[in-house]
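Each chain is listed here by its residues.
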There are 2 protein chains.
Amino acid sequence: MFEIVKPMDIEKRSFEIITELLGGRSFPPEQGPIIKRVIHTTADFDYADNLVFSPGAVEKGLEALKGGCHIVTDTTMAMAGINKTALGRLGGQVHCFIADPDVAEEAKARNVTRSMVSMEKAARLEKPCIFAIGNAPTALMELYELIQAQKVNPVLIIGVPVGFVNVVESKEQIMTAPVPYIVARGRKGGSSVAAAVCNALLYQISR
Amino acid sequence: MFEIVKPMDIEKRSFEIITELLGGRSFPPEQGPIIKRVIHTTADFDYADNLVFSPGAVEKGLEALKGGCHIVTDTTMAMAGINKTALGRLGGQVHCFIADPDVAEEAKARNVTRSMVSMEKAARLEKPCIFAIGNAPTALMELYELIQAQKVNPVLIIGVPVGFVNVVESKEQIMTAPVPYIVARGRKGGSSVAAAVCNALLYQISR
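Residues numbered from 1 in each chain as written. Chains lettered and ligands numbered in written order. Predicted model: local features only at pLDDT ≥ 70, side-chain atom pairs only at ≥ 80, totals over all residues. Heavy atoms only, no water.

Turning to the sheet that holds strand 6 (residues 181-184) of chain B, a few remarks are in order. Residues and elements named next belong to chain B. In spatial order, the strands read 1-6-5-4-2-3; together these six strands make up an open sheet with mixed pairing. A single partner strand is all that each edge strand has here, and the edge strands are strand 1 (51-53) and strand 3 (94-95). Where strand 2 (residues 70-73) and strand 4 (residues 129-133) come together, four bridges link them in parallel fashion. Of the residues in strand 4, the one forming a bridge with I71 is I130. Along the sheet face, helix 4 (residues 57-66) touches strand 1, strand 2, strand 4, strand 5 (156-159) and strand 6 and points at about 120° away from the line of strand 6. (Pairing = 2+ DSSP bridges. Helix = DSSP H or I, 4+ residues; strand = E, 2+ residues; numbered from the N terminus. Contact = heavy atoms within 4.5 Å. Axes fitted to C-alpha atoms, helices over the stretch in contact; angles between N-to-C directions.)

Now the structure itself:
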């Protein structure tokens, strides 16, 4: 019943199956591994069409990661999913401020979401950062405002929140900001998708 | 462009939209909130058909949670996604042994996956446990063997690994074990789905 049980063999075979199931479809070489890893994470082939990349987004992300850039996430789940060993070897770290008590307090006082305040806090980091947003459209909306106000200049935005309210709009909006992006258009996405995109970038550098 | 930005309002409106999009479709009352929360987490309506429940599975899970049962996950991501405040109020905790150094060592020595060893370690917990498996088919396969050997007796198995190798088979197999289950049939699932099912159970008790 179960022929392969080695994790690396399973992953290799999984990517072969995904490639087969995608038929003859081809992607730009730098985008293919990202699209396939998101499909690997979700078993959802919609991502072959949903994922959109601004020109040079992958290259900019890879270059920044090689230079030790950090990654900011909107959820502890996305943070948990990112391969911190691979990131750490390049000199990077993951930050997520959503569960910080000061963020919760400030959000309550100002009557805004914790996601929004966590983005403001992340904007004060002094390192170059990739922002990977897998859950909260309000995080992506806040990031847009911070970019417009020149309070943050992300290396790359991975904009993949999931859901039914403000999600589609927040993604369309962020694609108009003057920053490189990888976005899952439409309603789909999630913390696991955000982590998968980060890991796909990391694994293009080393594994 | 963005009319609602309060998290609880967004969630409420999201569930209304999901209900609308499901048309007139109705589910058993205890299953509906779980199916809808998984759709909320993934924006993927396939889960309206994929999720299967053994008779009384939800009731058994709810009763155990009210009694302070613990939850075991196969990934730190699923652990991160579970509402530990809600679980803690009932007296429960989440355990995930995948990243434990002793688990990694033993897996290497025995040439098996860390997921398998982490399940063996979890089987030694003395509390009643729900097992929520969102990633590793080998964890679900190992759980099946442990149940057959009467080394573990889960309160409920949430079997939602995702992927292309052994995933479908591991889910079909676990449904033949003499334990209550909630399973996402087919290839789809994931850590976020595992966490969503746990949270949907918790929110049926209190929020």
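Residues and elements named next belong to chain B. Its identity as a non-glycine residue notwithstanding, Q150 has a phi of 55°, on the positive side. Tracing the sequence through the fold places Q150 in the loop between helix 9 (137-148) and strand 5. Among the residues examined, Q150 registers a relative accessible area of 75% and is labelled exposed. Unlike most non-glycine residues, N166 shows phi in positive territory, near 70°. Summarising the element assignment, N166 is placed in the loop between strand 5 and helix 10 (167-174). N166 gets classed as buried once you look at its relative accessible area, which sits at 7%. (Buried < 20%, exposed > 50% of the residue type's maximum accessible area, 1.4 Å probe, protein only.)

To continue, consider the relation of the copies chain B and chain A. When chain B is fitted onto chain A, the two copies agree to an RMSD of 0.0 Å after a turn of 180° and an axial shift of 0.0 Å. Such a turn and shift between the copies fits a two-fold axis. Within chain B, the C-alpha atom positioned nearest to the axis of rotation is that of B:M77, 2.5 Å from it. (Least-squares fit on C-alpha atoms with pLDDT ≥ 70 in both.)

A separate point is the interface of chain B and chain A. Across the boundary between the two partners, chain B contributes 43 residues, which contact 43 residues of chain A. Summed over both partners, the interface of chain B with chain A comes to about 3400 Å²; 70% of that surface belongs to carbon and sulfur atoms. Where chain B packs against chain A, one counts zero salt bridges. At the surface where chain B touches chain A, the tally comes to zero residue pairs in polar contact (both at pLDDT 80 or more). By residue class, the composition of the side of chain B that touches chain A is 20 nonpolar, 16 polar and seven charged. (Buried area = accessible area lost by both parts, 1.4 Å probe. Salt bridge = Lys/Arg side-chain N within 4 Å of Asp/Glu carboxyl O. Polar contact = N/O pair within 3.5 Å; in protein donor to acceptor, adjacent residues only side chain to side chain. Nonpolar A, V, L, I, M, F, W, Y, C, P; charged D, E, K, R; others polar.)

Residue and element names in this part refer to chain A. Taken together, six strands build an open sheet; the order of strands is 1-6-5-4-2-3 and the sheet is mixed. Two strands bound the open sheet, and with one partner strand each, they are strand 1 (51-53) and strand 3 (94-95). Strand contacts of helix 4 (residues 57-66): strand 1, strand 2 (70-73), strand 4 (129-133), strand 5 (156-159) and strand 6 (181-184), with the helix running at about 120° to strand 6, the strand carrying the most contacts.

Glancing now at the packing of helix 9 of chain B against helix 10 of chain B. Residue and element names in this part refer to chain B. At a minimum axis separation of 9 Å, helix 9 and helix 10 run at an interaxial angle of 25°. Our classification of the angle between helix 9 and helix 10 gives roughly parallel. In the crossing of helix 9 with helix 10, the sense of the turn from one axis to the other is left-handed. Along the contact surface, helix 9 presents P137, L140, M141, L143, Y144 and I147, while helix 10 presents V167, S170, K171, Q173 and I174. (Parallel < 35°, antiparallel > 145°, perpendicular 65-115°, else oblique. Left-handed = near helix turned anticlockwise from the far one by under 90°.)

What the rule picks out here adds up to 24 salt bridges over all chains. A:D44 is paired through a salt bridge with A:K188; the nearest N and O atoms lie 2.7 Å apart. Placement of A:D44 in the loop between helix 2 (32-42) and helix 3 (47-50) and of A:K188 in the loop between strand 6 and helix 11 (191-205) is noted, with a sequence separation of 144 residues between them. There is no split in this pair, since A:D44 and A:K188 are both buried. Close ionic contact of B:D49 with B:R25 constitutes a salt bridge, the shortest N to O distance being 2.9 Å. Placement of the pair is B:D49 in helix 3 (residues 47-50) and B:R25 in the loop between helix 1 (7-21) and helix 2 (32-42), with a sequence separation of 24 residues. Under the relative-accessibility criterion, B:R25 is labelled partly exposed at 39%.

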